[in-house]
Amino acid sequence: MTNLADGFDVSAFMGEFVQEIEERIQAITSGLLELERNPDNIESLHDVFRAAHSIKGAAKIMGLETIARVAHSMEDVFETLEREKKPITPALNDLLLRGIDAIEIHTRAAEKQETASLDVDELCEALVAAAEGKTIEVQAEPAETPVPDIQSAARPTTIETLRVSVGQIDRLVSISSELTMTKLQSLRYLRELGDLAARLRKLGRETMGQNGNDRTTEKQDSERSVWATNQLRDLYRYVSELELTYEQYLDVTDDLTDQLKEQVLYMRLLPVSTVLSVLPRAARDLARQQGKDVRLTIEGGETALDREIIEGLASPLIHLLRNAVDHGIEPVDERITRGKPPSGHIHISATLGGDRVQITVEDDGRGIDPSRIKSRAVEKGIISTAEAEQMDDDQAIELIFHDGLSTSKQLTDTSGRGVGMSAARQQVEALRGTFLVSSDLGKGTRFVLTFPLSLSTVHALFVECGGYQWALPTLSVVSTGVVRAEAIQRIDGRLALRYRDKIVPLAPLYELLENKSAWTPNGNAIPVVILRHTGLSALAVDHLLDEQEVISKSLGPFLANAPKTAGATIMGDGRIVIILDTAHLAKLIQTWRPQAS
């Protein structure tokens, strides 16, 4: 058989090929999951049929015969199902999903110019048998196949290229053209300013009598004074007109610059569906692994987020999904006993609000038992019995983020080590996000992840402390205000204040930055910032300043991992202001103790 790839360099087309295969794989996966739920959905069957055919054709063009062979075998199965109007069974779906995994593995190998070790002979034989209507038995999956190990779905992805619409390019060209026109106008007015300066110099010479004739009469002085006054009046009028026109062009430049920044930032955004698309398959495999009935719904996949956030978001979401299926959703018989529907429901939604995106993962499972969490934490030595007794339910639930704390009764491949939730929160915070949890025992659990729309810009609260200005990302700021010294309490050797009926630990920013503990509040009003991390905490500063959106800059390789910092920004007057890591500060507040007085 002639290789269609003979005669041209396939490496030049590998990027487009991989992108197309990824899209077709996602289309087939989504279609198979839909057919498993709704076997009569003929349109989904047509979609997976066409997608398999496209994979086969693209692979043949690239000379990747193994991929083409698997896709062709799957295509035959879809054709049989369509012709004989047979429903897809879970066992057949397992086999077809194995085919998808094999295509993905061989595509990754081709992209790296490597040879995949996964043999597809047995898989293709099983697919051929299924296409012939024979009963098939799915064998144990090869170790390299990424299912049911859903961690492969959370593998970090580096997105090197972005698709940009023609409309976006046209808008950038239009903005660039307008900026060019504005630049030419600015140069014109710059020349006029030069002419104005020359006229002023001439007027100065004429007025001071520096024209070579110092002997003047009183009449000449009077005439010269009138002439100079008229000249100054004309120049004042000219300067006023020039100033007004220049301000107008400056406004236009500012507007165009903002548009340009907005368009460039928008080009870096990707839909959240880029990462959410892996979750239905993961939920299905996890549920089958544990013999549970789970229904996953996704809403708001079109919501856009910064490319860097999208790259790092898969792993935390996989952790949460795994946690919901393993800990949250009960087995069918238990759900029925509790009066719940047999099928557990996990709902993931993404919503845009202002300059931030909120991703919510909630289930209708058994919820989190605060008393059990506290008992396990005491058993593990994370908290004392006295501390457990003082904790309310919200504080107890926050303990799930401590390393080594797990309420799982047994250790499995899925969970039980007590590191998943801690790692998930750390990954979210590394993306400048916040991670909150709430639960209703017996009814379900809700996780809320909030991210800035872009990592390039930060909406920040500026504060002054120790004679310097600092920036706090407002994503973690609950509120600001002032308190008097007498409102600050000392509890168990720590400082605290009451905020909305909660006792909130407090620490001064200056001493957290300087690693000191000699601060004593005076009788004046003390500016305070309330932060949200693992619960609430309060940060005392010298002065509360303003809020504004700033460009976030890296501190460079030598300071990239500096504690308490998240970057820096350059102000309009050239000053550099450090952007503080509010998550790290909140953790320090929880343990800070003032010096004994």
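Residues numbered from 1 in each chain as written. Predicted model: local features only at pLDDT ≥ 70, side-chain atom pairs only at ≥ 80, totals over all residues. Heavy atoms only, no water.

### Comments concerning the nonpolar core
- In terms of nonpolar packing, the biggest core is built from 50 residues, with L305, L317, I346, I359, F435, L449 and F451 touching the most fellow members.
- Among the elements that take part in this core, helix α10 (residues 307-328) stands out by supplying 10 residues, more than any other.
- Among residues more than four places away in sequence, those in contact with F435 are L320, F401, M421, A424, R425, V428, F447, V448, L449 and H533.
- Core analysis: the second largest hydrophobic core is formed by 46 residues, L95, A102, I105 and L123 among them. (Core = buried A, V, L, I, M, F, W, Y, C linked by side-chain atoms within 4.5 Å. Buried < 20%, exposed > 50% of the residue type's maximum accessible area, 1.4 Å probe, protein only. Helix = DSSP H or I, 4+ residues; strand = E, 2+ residues; numbered from the N terminus. Contact = heavy atoms within 4.5 Å.)

### Points about the side chain of E75
- Relative to the helices and strands, E75 is located in helix α3 (residues 65-84).
- Under the relative-accessibility criterion, E75 is labelled buried at 8%.
- For E75, the residues in contact, after removing those within four places along its chain, are F49, A52, H53 and K56.

### Looking at helix α4 (residues 90-111)
- For α4, with 22 residues, the first-to-last C-alpha span of 31 Å sits near the 32 Å given by 1.5 Å per residue.
- Among the 22 residues that make up α4, 17 are buried, leaving the element largely enclosed by the rest of the structure.
- Phi turns positive, to about 60 degrees, at Q113, one or two residues after α4. (Expected span 1.5 Å × (residues − 1).)

### Quick notes on the layout of surface pockets
- As a volume, the second largest pocket reaches approximately 1,500 Å³.
- Lining the second largest pocket are 38 residues; nearest its centre among them are M391, Q395, P505, T534 and Q590. (1 Å grid on protein atoms, 1.4 Å probe; cavity = no way out; pocket = protein on both sides within 12 Å on 5 of 7 lines; lining within 4 Å. Points joined across faces, edges and corners; volume = space filled by probe spheres on them.)

### Some details on a negative patch on the surface
- Together, E178, E247, D251, D254, D255, D258 and E262 line one region of the surface with negative charge.
- Here the element with the most residues in the negative patch is helix α7 (residues 218-267); it accounts for six residues.
- Locating E262 in the fold gives a position in helix α7.
- Residue classification places E262 among the exposed positions, given a relative accessible area of 53%. (Patch = residues over 30% accessible without salt bridge, like charges linked within 9 Å, V, L, I, M, F, W, Y side chains within 5 Å. Areas by Shrake-Rupley, 256 points an atom, 1.4 Å probe, with all protein chains shown as cover. Salt bridge = Lys/Arg side-chain N within 4 Å of Asp/Glu carboxyl O. Lys, Arg positive; Asp, Glu negative; His and termini not counted. Charge placed at Lys NZ, Arg CZ, Asp CG, Glu CD.)

### Points about the pairing of strand β8 (residues 457-465)
- The element β8 is largely enclosed, with a buried count of seven among its nine residues.
- The pairing of β8 with strand β16 (residues 543-551) spans seven bridges and is classified as antiparallel. Considered in β16, the bridge of T457 is made with I551.
- Of the pairings in the sheet, the one linking β8 to strand β9 (residues 468-473) comprises six bridges and is antiparallel in character. Within β9, the residue paired with C465 across the bridge is Y468. (Pairing = 2+ DSSP bridges.)

### Some thoughts on the packing of aromatic side chains
- If you walk through the whole model with that rule in mind, you get three aromatic pairs.
- Arranged with centres 5.9 Å apart and planes meeting at 90 degrees, the rings of F435 and F447 form a pair that is edge-to-face. Here the residue F435 occupies a position in strand β6 (residues 434-440), and F447 occupies one in strand β7 (residues 444-452), the gap between them amounting to 12 residues.
- Classification of F435 as buried rests on a relative accessible area of 3%.
- Overall, the relative accessible area of 3% leaves F447 in the buried class.
- Taking the centre distance of 6.4 Å and the plane angle of 65 degrees together, the rings of Y468 and W470 count as edge-to-face.
- Under the relative-accessibility criterion, Y468 is labelled exposed at 57%.
- Since its relative accessible area comes to 16%, W470 is described here as buried.
- An aromatic cluster of three or more residues is present, and its members are F401, F435 and F447.
- The ring of F401 carries the charged tip of R425 above its face, separated from the ring centre by 3.7 Å. (Phe/Tyr/Trp six-rings, centres within 6.5 Å; stacked < 30°, edge-to-face > 60°. Lys NZ or Arg CZ within 6 Å of the ring centre and 35° of its normal.)

### Regarding the packing of α10 against helix α15 (residues 420-430)
- Two numbers describe how α10 lies on α15: the axes approach to 9 Å, and their chain directions differ by 150 degrees. Taken as axis vectors, α10 and α15 run roughly antiparallel relative to one another. Two packed elements cross with a definite hand, and for α10 against α15 that hand is left-handed. Within the contact between the two elements, α10 uses S315, P316, H319, L320 and N323 and α15 uses G420, M421, A423, A424, Q427 and V428.
- Here the contact of α10 with α15 is built from residues that sort into six nonpolar, five polar and no charged. (Axes fitted to C-alpha atoms, helices over the stretch in contact; angles between N-to-C directions. Parallel < 35°, antiparallel > 145°, perpendicular 65-115°, else oblique. Left-handed = near helix turned anticlockwise from the far one by under 90°. Nonpolar A, V, L, I, M, F, W, Y, C, P; charged D, E, K, R; others polar.)

### Overview of the environment of I103
- Looking at the secondary structure, you find I103 in helix α4.
- Along the primary structure I103 and T66 are separated by 37 residues, whereas in three dimensions their C-alpha atoms are 8.2 Å apart.

### Some details on the pairing of strand β14 (residues 526-533)
- Counted residue by residue, β14 has seven buried out of eight residues, so it is predominantly covered.
- As defined by bridge partners, strand β10 (residues 477-483) adjoins β14 across six bridges and the pair is classed as antiparallel. The partner of V483 across the bridge, within β14, is I526.
- Of the pairings in the sheet, the one linking β14 to strand β15 (residues 535-540) comprises six bridges and is antiparallel in character. Directly across from R532, in β15, lies its bridge partner L536.
- Taking the residues that link successive antiparallel strands as the turn, the β14-β15 hairpin has one residue.

### Looking at the pattern of salt bridges
- By the definition in use, this model includes 30 salt bridges.
- In this structure, E311 engages R307 in a salt bridge whose closest nitrogen and oxygen atoms are separated by 2.9 Å. Taken together, the residues E311 and R307, both in helix α10 and four residues apart, mark about one turn of the helix. Accessibility classification places E311 together with R307 in one group, the buried group.
- Counted as one network, the salt bridges with shared partners bring together E36, D94, D101, R281, R284, D285 and R288.

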